[in-house]
Amino acid sequence: MNIEMNRIYIDVCCLNRPFDDQEQDRIHLESEAVRFILKHVRRGDFTWVGSSVMDLEISKTPDLDRKSNVLVFAERISEKVVAGILEIERAKQLESLGFGAMDALHLVCAEKAKAEVLLTTD
């Protein structure tokens, strides 16, 4: 498979998608897409960059089974960036444009990591 991009940021909603209600067609298709991308991460086709924001969001998952499953996926993260003061300020700028707080932080971390793709189901 010839893949042009190789740095990908997969946010936490994607990692949760395979554990959502699969009876809805959209959710099922998104789950399959996430599994497909994760398969390529395992094969080394993509470098998965994550962040301290992902760690924080996963830690707040109330369902312990879901959290455990998401953590298994997250073990495949190759690199992590840490959101610092500059990233928080940039996220606030994005929030003023209408992004949600966590979405803005994920976007800023993907920028910091120089990810070519930000994968989300939001």
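Given the structure is predicted, the values throughout are model-derived calculations rather than measurements.

1. Looking at the environment of alanine 113
- Within the secondary structure layout, alanine 113 lies in the loop between helix 6 (101-112) and strand 4 (117-119).
- Among residues more than four places away in sequence, those in contact with alanine 113 are Arg7, Val49 and Val81.

2. As for the pairing of strand 2 (residues 47-51)
- Among the 5 residues that make up strand 2, 4 are buried, leaving the element largely enclosed by the rest of the structure.
- Where strand 1 (residues 7-10) meets strand 2, 2 bridges bridge the pair, whose relative direction is parallel. Note that in strand 2 the partner of arginine 7 across the bridge is threonine 47.

3. Points about the packing of helix 5 (residues 85-96) against helix 6
- As a packed pair, helix 5 and helix 6 sit with axes 8 Å apart at the nearest point and diverge in direction by 125 degrees. Comparing their axes, helix 6 and helix 5 come out oblique. Viewed along their axes, helix 5 and helix 6 form a crossing whose handedness is right-handed. Contacts between helix 5 and helix 6 involve Glu87, Ile88, Arg90, Ala91, Leu94 and Glu95 from the former and Ala101, Ala104, Leu105, Leu107, Val108, Glu111 and Lys112 from the latter.
- When its residues are assigned to classes, the contact of helix 5 with helix 6 shows 8 nonpolar, no polar and 5 charged.

4. Details of helix 6
- Taking 1.5 Å of rise per residue, the 12 residues of helix 6 would be expected to cover 16 Å, and the 17 Å separating its terminal C-alpha atoms lies within 8% of that figure.
- Every buried residue of helix 6 is accounted for by Ala104, Leu105, His106, Val108, Cys109 and Ala110.
- Backbone geometry just downstream of helix 6 places lysine 114 in the positive-phi region, at approximately 60 degrees.

5. Notes on the nonpolar core
- If you look at the biggest cluster of nonpolar residues, it comprises 29 residues, and the most contacted ones within it are Tyr9, Ile10, Leu15, Trp48, Met54 and Ile58.
- Contributing elements (two or more residues each) for this core: strand 1, helix 1 (12-16), helix 2 (25-43), strand 2, helix 3 (52-59), helix 4 (64-74), helix 5 and helix 6.
- Excluding anything up to four places from it in sequence, isoleucine 58 contacts Val12, Leu15, Lys67, Val70, Leu71 and Ala74.

6. Considerations on the pattern of salt bridges
- All told, the structure shown has 11 salt bridges when counted by the stated rule.
- Across the salt bridge formed by arginine 7 and glutamate 79, the nearest N and O atoms sit 2.9 Å from each other. Note that arginine 7 is positioned in strand 1 and glutamate 79 in strand 3 (residues 79-81), a separation of 72 residues in sequence.
- As a salt-bridge pair, arginine 17 and aspartate 20 come within 2.6 Å of each other at their nearest N and O atoms.
- The buried category is assigned to arginine 17, whose relative accessible area is 11%.
- Look at aspartate 20 and you get partly exposed, because its relative accessible area is 22%.
- Where salt bridges share partners, they join Arg17, Asp20, Arg26, Glu30 and Arg66 into one cluster.

Calculation criteria
Residues numbered from 1 in each chain as written. Predicted model: local features only at pLDDT ≥ 70, side-chain atom pairs only at ≥ 80, totals over all residues. Heavy atoms only, no water. Helix = DSSP H or I, 4+ residues; strand = E, 2+ residues; numbered from the N terminus. Contact = heavy atoms within 4.5 Å. Buried < 20%, exposed > 50% of the residue type's maximum accessible area, 1.4 Å probe, protein only. Pairing = 2+ DSSP bridges. Axes fitted to C-alpha atoms, helices over the stretch in contact; angles between N-to-C directions. Parallel < 35°, antiparallel > 145°, perpendicular 65-115°, else oblique. Left-handed = near helix turned anticlockwise from the far one by under 90°. Nonpolar A, V, L, I, M, F, W, Y, C, P; charged D, E, K, R; others polar. Expected span 1.5 Å × (residues − 1). Core = buried A, V, L, I, M, F, W, Y, C linked by side-chain atoms within 4.5 Å. Salt bridge = Lys/Arg side-chain N within 4 Å of Asp/Glu carboxyl O.

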